[in-house]
Amino acid sequence: MMMDGETTSGETQLHVTEVFHSLQGEGIRSGEPSVFIRLAGCPLRCRWCDTKYAWDFGGGTPYRVTELARQVERWSCRSVVITGGEPLVGADGAPRLGLVDLTRELAAAGRQVTIETSGLHFVPDLACDLMSISPKMSNSTPSQGDVAVRHEKARGDRKALARLIESYRCQLKFVIDSPDDLPEIRKLLGELPPVDDDRILLMPQATTREELLARAPIVTDLCLETGYRFGHRLHVLLWSDRRGV
Ligand code: SF4
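Anyway, here's the lowdown on the structure attached to this text. (Residues numbered from 1 in each chain as written. Predicted model: local features only at pLDDT ≥ 70, side-chain atom pairs only at ≥ 80, totals over all residues. Heavy atoms only, no water.)

A short note on a nonpolar patch on the surface
A cluster of nonpolar residues, Leu213, Leu237 and Leu238, forms a patch on the protein surface that exposes about 260 Å² of accessible area. Within the element layout of this structure, Leu237 appears in helix H7 (residues 234-239). We classify Leu237 as partly exposed; its relative accessible area is 37%. (Patch = residues over 30% accessible without salt bridge, like charges linked within 9 Å, V, L, I, M, F, W, Y side chains within 5 Å. Areas by Shrake-Rupley, 256 points an atom, 1.4 Å probe, with all protein chains shown as cover. Salt bridge = Lys/Arg side-chain N within 4 Å of Asp/Glu carboxyl O. Helix = DSSP H or I, 4+ residues; strand = E, 2+ residues; numbered from the N terminus. Buried < 20%, exposed > 50% of the residue type's maximum accessible area, 1.4 Å probe, protein only.)

See the structure below:
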């Protein structure tokens, strides 16, 4: 199976699940028209993942970095969101080859780059305007044995999270399943470099509009209690679980 990396001609290629134009649905830039590049592959397998179709590192279509940057030119909006899957790592768990080059090409073309990551690895030298980190908490752990063990080993690496926070302009987004999630989030934040409260967002765990609306009151109460921001999920509200929007 071909993975991300160098082609026989020496050019770097990235496996891409989809490229599409939509509104940024989450975080402090929510509502901004953006081009989304969804890279293929994620080792975490979160229980409530809403992009399971992007888990396979060999899935999607391989693009050379220059080809991918050209795809983005179809739309004129300034914001480009690189997401996944997990965009920071490749199948070998090391930094994903080609990602630094891709961010530099996009920045050189005047785009503002957001990277959506779980923060499981530190990658230096990215031309990234906003590192949008969603650390995975215990509410994301899958139930199956081996998968759960791998997930627990990979998630919540304090060193990687700290280096991302110190190296990039960042926001932290936490998925809330129930009010019981708060002590774990507070504990993690206490172990990381400080992040302003208005860059810490709590988001309802939801893959459909109905789930979003059902959990919104829980998250509202937690935000009022803590001073963190309510992180709504505009794409879920507008399109529920539709793909590519
Ligand atoms: S890190 Fe993101 S893409 Fe990967 S399994 Fe978890 S929610 Fe899905």
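Observations concerning the packing of helix H1 (residues 65-72) against helix H2 (residues 99-108)
Orientation of H1 relative to H2, taken along the N-to-C sense of each, is 40 degrees, at an axis distance of 10 Å. The orientation of H1 with respect to H2, classified from their angle, is oblique. Here the hand of the crossing between H1 and H2 comes out right-handed. For the pair H1 and H2, the contacting residues are Val65, Thr66, Leu68, Ala69 and Val72 in the first and Asp101, Leu102, Glu105 and Leu106 in the second. (Axes fitted to C-alpha atoms, helices over the stretch in contact; angles between N-to-C directions. Parallel < 35°, antiparallel > 145°, perpendicular 65-115°, else oblique. Left-handed = near helix turned anticlockwise from the far one by under 90°. Contact = heavy atoms within 4.5 Å.)

Quick word on the site of the ligand
Taken together, Cys42, Leu44, Arg45, Cys46, Trp48, Cys49, Thr51, Trp55, Gly85 and Lys136 make up all the residues around the ligand. Looking at the shell around the ligand residue by residue, the classes come out as 6 nonpolar, 2 polar and 2 charged. (Near = heavy atom within 4 Å. Nonpolar A, V, L, I, M, F, W, Y, C, P; charged D, E, K, R; others polar.)

Some remarks on the packing of aromatic side chains
On inspection of all chains with the given rule, the structure shows 2 aromatic pairs. Aromatic side chains Phe20 and Phe36 sit 5.0 Å apart centroid to centroid with 5 degrees between the ring planes, which places their arrangement in the stacked category. Placement of Phe20 in strand S2 (residues 12-23) and of Phe36 in strand S3 (residues 33-39) is noted, with a sequence separation of 16 residues between them. Ring geometry for Phe122 against Tyr168: centres 6.5 Å apart, planes inclined by 45 degrees, an arrangement best described as tilted. Linking Phe122 in the loop between strand S6 (112-117) and strand S7 (130-133) with Tyr168 in the loop between helix H4 (158-167) and strand S8 (170-176), this pair joins segments that are 46 residues apart in sequence. Lying over the aromatic face of Tyr53, Arg243 brings its terminal NZ or CZ to 3.8 Å of the ring centre. (Phe/Tyr/Trp six-rings, centres within 6.5 Å; stacked < 30°, edge-to-face > 60°. Lys NZ or Arg CZ within 6 Å of the ring centre and 35° of its normal.)

Considering helix H5 (residues 182-190)
Along H5, the residues that are buried comprise Leu182, Ile185, Leu188 and Leu189. Taken down its axis, H5 places every buried residue within 125 degrees of arc, on the same side. In H5, the exposed positions angled more than 90 degrees off the buried face are occupied by Pro183, Lys187 and Gly190. (Arc of directions from axis to C-beta.)

Let's talk about the pairing of S6
Most of S6 sits out of view: 5 of its 6 residues are buried. For the crossover that starts at strand S5 (residues 79-83), traverses H2 and ends in the parallel S6, the hand is right-handed. As paired strands, S6 and S7 are joined by 4 bridges and run parallel to one another. Counted as the bridge partner of Thr117 is Ile133 from S7. (Right-handed = clockwise from strand over helix to strand, strands pointing away. Pairing = 2+ DSSP bridges.)

Describing the nonpolar core
Of all hydrophobic cores here, the largest spans 47 residues; its most connected members are Ile37, Leu126, Met131, Phe174 and Leu202. Beyond its immediate chain neighbours, meaning those up to four positions away, Ile37 contacts Val16, Glu18, Leu68, Val72, Val80, Val81, Ile82, Thr83, Leu102 and Leu106. Judged by nonpolar contacts, the second largest core, of 11 residues, contains Cys42, Leu44, Trp48 and Met203. (Core = buried A, V, L, I, M, F, W, Y, C linked by side-chain atoms within 4.5 Å.)

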